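# Understanding the architecture of this molecule
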Amino acid sequence: MTSGTTPGLTRFNTSADSEAHAALHEVCSSSAWGSRILAQRPYTTAEALFLASDAAMAELTAEDLAEAMAGHPPIGRPKAGDPTSSREQSGMAGASAELKAEMLELNLAYQDTFGHVFLICATGLTGEQMRDALRQRIDNPAEKEREIVRTELGKINRIRLTRLVETSEEENSA
């Protein structure tokens, strides 16, 4: 990950609040998280932005976490037309029909148990690794699972923020 000032970070720091807010909403759909990040601009380095993200994530209430999770599709069913969702869940792209069916069943059981989608930082994970994590976490107490979700969201936010600050103007508008 980058730690210095990049054209993407400069663009984020100098963009209108509405534009920066929209970019942050693409990173994390928690309005509380986005407001905290926006309020601390400008960031001198990407690392300062990452640390602010981590701090904001640590302060989110259960309701804020629910809002953040609502922006994530179930594993195995990325949002149609959303390249970020497809990229992050690419480990499921080549999964067998059996694995996809098992993930659907496990996702539904998880959602029945916790009231939200199973959330994991799926980047770099295989379908089997995601399934195994879901199997392992489905019996967690609600409070433990909420803290795991907070950690996973933090990882996802860092990956997405890295992309935001490292993306050129041309890539950003594509």
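Reference entry: report on the structure contained in this document. Given the structure is predicted, the values throughout are model-derived calculations rather than measurements. (Residues numbered from 1 in each chain as written. Predicted model: local features only at pLDDT ≥ 70, side-chain atom pairs only at ≥ 80, totals over all residues. Heavy atoms only, no water.)

### Notes on the packing of aromatic side chains
Centre distance and the angle of the planes are the two values used to describe a pair of aromatic rings. Rules: Two aromatic rings, drawn from Phe, Tyr or Trp (for Trp, its six-membered ring), form a pair once their centres lie within 6.5 Å of each other, and the interplanar angle then sorts them: stacked below 30 degrees, edge-to-face above 60, tilted otherwise. Ring-over charges, as used throughout, are those where CZ of Arg or NZ of Lys falls within 6 Å of the ring centre and within 35 degrees of the ring normal.
Going through the model one piece at a time under the given rule, you end up with three aromatic pairs. Between Tyr110 and Phe118 the ring centres are 5.2 Å apart and the planes differ by 80 degrees, which places this aromatic pair in the edge-to-face class. Aromatic rings pair up to connect Tyr110, Phe114 and Phe118 into one cluster. Taking the ring centre of Phe12 as reference, the NZ or CZ of Arg41 above it sits at 5.5 Å.

### Examining the environment of Arg163
Selection rule: For the purposes of this entry, the term helix denotes a DSSP run of H or I that reaches at least four residues, the term strand denotes a run of E that reaches at least two, and both are numbered from the N terminus. Burial classes: relative accessible area under 20% of the type maximum marks a residue as buried, over 50% as exposed, and values in between as partly exposed (1.4 Å probe, protein chains only).
On the secondary structure map, Arg163 appears in helix α9 (residues 142-166). Residue classification places Arg163 among the partly exposed positions, given a relative accessible area of 46%. Sequence separation between Arg163 and Gly8 is 155 residues; the distance between their C-alpha atoms is 8.6 Å.

### Description of the pattern of salt bridges
Should the charged atoms of two oppositely charged side chains come close, the side chains can pair. Stated precisely, the cut-off is as follows: By convention in these notes, a salt bridge is any Lys or Arg side-chain nitrogen within 4 Å of a carboxyl oxygen on Asp or Glu.
Enumeration over the complete set of coordinates arrives at twelve salt bridges. In this structure, the salt-bridge partner of Glu147 is Arg150, at a minimum N-O distance of 3.0 Å. Of the two residues, Glu147 and Arg150 both sit in helix α9, three residues apart, roughly one turn of that helix. Relative accessible area serves as the criterion here: at 13%, Arg150 is assigned to the buried category. When the shortest N-O distance is used, the salt bridge between Glu152 and Lys155 registers 3.0 Å. Of the two residues, Glu152 and Lys155 both sit in helix α9, three residues apart, roughly one turn of that helix. The exposure class of Glu152 is buried, given its relative accessible area of 10%. One salt-bridge network, in which partners are shared between bridges, spans Glu102, Arg131, Asp132 and Arg135.

### Some remarks on the packing of helix α4 (residues 46-59) against α9
The line we're drawing: Geometry is summarised by axes, namely lines fitted to C-alpha atoms with helices restricted to the contacting stretch, and by angles between N-to-C directions that run from 0 to 180 degrees. Angles are sorted into four bins: roughly parallel if under 35 degrees, roughly antiparallel if over 145, roughly perpendicular if 65 to 115, and oblique for all others. Each crossing gets its handedness from the near helix: less than a right angle anticlockwise from the far helix is left-handed, clockwise is right-handed. Note on definitions: a residue-residue contact is assigned when non-hydrogen atoms from the two residues lie within 4.5 Å.
Running from amino to carboxyl end, α4 crosses α9 at an angle of 150 degrees, the nearest separation of the two axes being 10 Å. If you check the angle between α4 and α9, you find them roughly antiparallel. As for the relative orientation of α4 and α9, their crossing is right-handed in sense. Counted together, Ala46, Glu47, Leu49, Phe50, Leu51, Ser53, Asp54, Met57, Ala58 and Glu59 of α4 and Arg150, Leu153, Gly154, Asn157, Arg158, Leu161, Thr162 and Val165 of α9 form the full contact between these two elements.

### Details of the nonpolar core
As a rule of thumb, soluble globular proteins bury nonpolar side chains together. We apply this condition: Definition of nonpolar core: a set of buried residues of the types Ala, Val, Leu, Ile, Met, Phe, Trp, Tyr and Cys, connected through side-chain atoms within 4.5 Å.
If you look at the biggest cluster of nonpolar residues, it comprises 44 residues, and the most contacted ones within it are Phe12, Trp33, Ile37, Leu49, Ile75, Leu153 and Leu161. For this core, the secondary structure elements donating two or more residues are α1 (7-14), α2 (17-27), α3 (31-39), α4, α5 (62-69), α7 (97-114), α8 (127-137) and α9. When neighbours within four sequence positions are excluded, Leu161 is seen to be in contact with Leu24, Val27, Trp33, Leu49, Phe50 and Ser53.

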